[in-house]
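# Commentary on secondary and tertiary structure
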Amino acid sequence: MTLRRRTLLAGIAGGLVAAGAAPAFALDRRRVLHVRPGGSVQAAVDAVDGSGWTIVVHPGTYREVVNVPVEAAELTLCGATRDPRDVAIVYDNANGTQKPDGSGTYGTAGSATFTSAAPGLTVRDLTLANDWLRADHPEITGTQAVAAYVTGDRSQFAHVRLLAHQDTLFVDTTALDAFDRQFFSRCYIEGDVDFVFGRATAVFTDCHFHTLQRDVAFTPKGMVFAPSTARANPHGILAVRSRITSGAEDAAYKLARPWVPSYETTAWPSLVVRDTRIGPGIDPVAPYTNMRDAYPWQSMRFHEYRNTGPGSVITVPENRPQLTPAEAALHTPATYLGGWEPVRSL
């Protein structure tokens, strides 16, 4: 394991036993499955027969890919302790990694350590990580390596750590005409390039976004957000009461750039960052950048409101579009979630 990989997972599962070939899980009578070191989280997911199950993962490092199907509705996946560092689900596929069966590469979504299409999913008190590193694979050009790829409506993440480098968290939808809702509270999310991205209606409250140091000479070294919101969706990504820190030098990162996928060229990316402390790692003069010349950020729905910190200073007003108070009243977790009330006590 390289130093950079050890840094990625530092403090998460140090000294804990890695998953092996022991029995996958234990079942109690309350529709609860318990996974312990030596077991498999995916085996527990495969054993779920209907909605409303809970999988409790006990302290350990589980080196596997986990895929939650749409049939596992209302599933809860949680760490056995309240400390998300105690449980880590981690793997190391990238976009350009060849599949073992020789059928091609995984692609961005397929690289995810954790994937879920289940409606009503709850994930809490654990770590999801992708520890693939560019430096270890100079032959691979598809360097996106996703920690979590989520599409199900009413997906909730509470007190979860999401760790990777490029494309850490993919907040997507089940279909191009679906406006699936996702809610993240008290989560820690780190990465370097476009590490929170996608077309879902995704709300982040009281979260911590952290940009990593990156050994490249150019700037920007990366972007925190890359929304790809559908044009018909009034709500994209909303970050509120959060903070953005950086392990890189001042102004090395952009707050966001738009993502207009080749499969949805009508996308109209939407991002609102409000009531958030933005550290010096974000360029305060020009916090946004384009996705190629065809999609300038100024034509997108990018706004801020009442942010603080050195990375939020408004030096060139036209470079930082601000909501009015009346507009801000329309950009709240309640309006984005449209009648769905996540469990706030998790």
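Above this text sits the structure in question.
Before going into details, it helps to say that this report is about the structure given with it.

This part takes up the nonpolar core. In summary, soluble globular proteins display a tendency toward joint burial of nonpolar side chains. Membership of the largest hydrophobic core comes to 62 residues, with the highest contact counts inside it found for Ile55, Phe114, Phe157, Phe204, Phe209 and Phe225. Not counting the four nearest positions on each side in its chain, Phe209 is found in contact with Ile189, Val196, Phe204, Val224, Phe225, Ala239, Ser242, Arg243, Ile244 and Thr245. Residues Val272, Leu323, Leu337 and Trp340 belong to the second largest nonpolar core, which totals 10 residues.

Estimated volume of the second largest pocket: approximately 200 Å³. As for the second largest pocket, its lining consists of Gln144, Gln166, Asp167, Val193, Asp194, Phe197, Ala226, Arg257, Pro258, Trp259, Met291 and Arg292. Taken together, the residues of the lining of the second largest pocket sort by class into six nonpolar, two polar and four charged.

Following the criterion strictly, the structure yields 11 aromatic pairs and no others. Where Trp259 meets Tyr263, the ring centres are 6.4 Å apart and the plane angle is 90 degrees; that geometry is what we call edge-to-face. On the basis of relative accessible area, Tyr263 is assigned to the partly exposed category, the value being 44%. On the basis of an interplanar angle of 40 degrees and a centroid distance of 5.3 Å, the ring pair of Tyr288 and Phe302 is categorised as tilted. Within this pair, whereas Tyr288 is found in the loop between β25 (277-278) and β26 (301-305), its partner Phe302 is found in strand β26, the two being separated by 14 residues in sequence. The buried category is assigned to Tyr288, whose relative accessible area is 5%.

Rules used throughout
Note that residues are indexed from 1 along each chain, following the sequence as it is written. Local features in this predicted model are restricted to residues of pLDDT 70 or higher, and side-chain atom pairs are both shown and tallied only at a pLDDT of 80 or more, whereas totals for entire chains, interfaces and linings draw on every residue. For side-chain calculations, the full set of non-hydrogen atoms in the structure is used, while hydrogens and water are omitted. Only buried Ala, Val, Leu, Ile, Met, Phe, Trp, Tyr and Cys residues count toward a nonpolar core, and they belong to the same one when joined by side-chain atoms within 4.5 Å. When accessible area is computed with a 1.4 Å probe and restricted to protein chains, residues below 20% of their type maximum are described as buried, those above 50% as exposed, and intermediate ones as partly exposed. Any two residues whose heavy atoms approach within 4.5 Å at even a single point are treated as in contact. We place a 1 Å grid over just the protein atoms. Points where a 1.4 Å probe fits but has no way out form a cavity, open points with protein on both sides within 12 Å along at least 5 of 7 lines form a pocket, and any residue with an atom within 4 Å of a point lines it. Grid points are joined across faces, edges and corners, and a volume is the space filled by probe spheres set on the points. All residues other than Ala, Val, Leu, Ile, Met, Phe, Trp, Tyr, Cys, Pro, Asp, Glu, Lys and Arg, Gly among them, are scored as polar; the first ten of these are nonpolar and the last four charged. In summary, the pairing rule links any two rings of Phe, Tyr or Trp, Trp by its six-membered ring, whose centres are within 6.5 Å, and it sorts them by plane angle into stacked for under 30 degrees, edge-to-face for over 60 and tilted for everything else. Here a helix means four or more residues in a row that DSSP labels H or I, a strand means two or more in a row labelled E, and each is numbered from the N terminus.

Geometric descriptors of this kind do not, in isolation, establish any biological role.
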